[in-house]
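Coordinates in review
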Amino acid sequence: MLDAEVLRATVTSLRVSTTALLLALGAGVPLGALLATGRGRAARAAETAAGAGMGLPPVLVGLVVSMLLWRSGPLGRLGLMYSVTAMVVAQAIIGLPIVTALTVAAVGQLGPELPRQLRGLGAGRWQLRWALLREARLPLVAVVLAVAGRLLGEVGAVMMVGGNIAGETRVLTTALVLEVRMGHFDRGLELGAVLLGLSVALSWGLQRLGRHGRVAREAP
């Protein structure tokens, strides 16, 4: 049976990572579709930047967000440092380039013929992008899984901007680090088991969603 502290950390983890994931998807999927169908140097440069951003160090994101939200920083008056909101912002920044780059790859694997056919049928720019995203919906399930797993297991940035405050900003990963530092390996294993369980449940749910989508797509 999980104790109250572990349950609070679990709820906070889900709250932060889910919100950040939705923000990253909401911005990254349309942006990825835009870059995948865009032409010219600007689109290619942005695509390259998104690809490079997939390896963005979380501690660097944490540093930049901390500098912005610190009391003497440009956004310090908002009082968001060491808050759940700051953690969501940091995780969303980490997730955005990953979602964007993987969406470009998912749409790109459809090949050049489909966009040409859709343009020939009179599809406008946004109609074209929406149609391509619908065709790439199964690879996009893998995008969600990859980004969700990355955000759920993130520790560096959330510890820097959240402060690991018990009952407020402590999540499973930061709680695990704290327990290991204190030599409480049994507690660390308990927290690790919860993290693993969440990852397995997420993977199972998205795989089922993908299978249902594949069946619906293949049905006459």
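Structure's up top.
Residues numbered from 1 in each chain as written. Predicted model: local features only at pLDDT ≥ 70, side-chain atom pairs only at ≥ 80, totals over all residues. Heavy atoms only, no water.

**Focus: helix α6 (residues 125-135)**
One turn of an α-helix holds 3.6 residues; hence residues three or four places apart share an orientation. Within α6 the residues assigned to the buried category are L128, R129, L132 and L133. Along α6, the residues classed as buried sweep out an arc of 130° about the axis, all on the same side. Among the exposed residues of α6, those oriented more than 90 degrees off its buried face are W126, Q127 and W130. (Buried < 20%, exposed > 50% of the residue type's maximum accessible area, 1.4 Å probe, protein only. Helix = DSSP H or I, 4+ residues; strand = E, 2+ residues; numbered from the N terminus. Arc of directions from axis to C-beta.)

**Section: the packing of aromatic side chains**
Overall, the coordinates contain one aromatic pair when judged by the stated rule. Their ring planes at 80° and their centres at 6.2 Å tell us that W70 and Y82 sit as a pair that is edge-to-face. Here W70, found in the loop between α3 (58-69) and α4 (84-108), pairs with Y82, found in the loop between α3 and α4; they are 12 residues apart in sequence, far enough to count as distant. The class of W70 is partly exposed, set by a relative accessible area of 35%. (Phe/Tyr/Trp six-rings, centres within 6.5 Å; stacked < 30°, edge-to-face > 60°.)

**A short note on the pattern of salt bridges**
Pairing between side chains of opposite charge can happen when their charged atoms approach one another. Tallying each qualifying case throughout the model produces six salt bridges. E190 is the salt-bridge partner of R187, the closest N and O atoms lying 3.4 Å from each other. In this pair, R187 and E190 both sit in helix α10 (residues 185-218), three residues apart, roughly one turn of the helix. Look at the salt bridges and you will find they share partners, linking D3, E5, R170, E179, R187 and E190 into a network. (Salt bridge = Lys/Arg side-chain N within 4 Å of Asp/Glu carboxyl O.)

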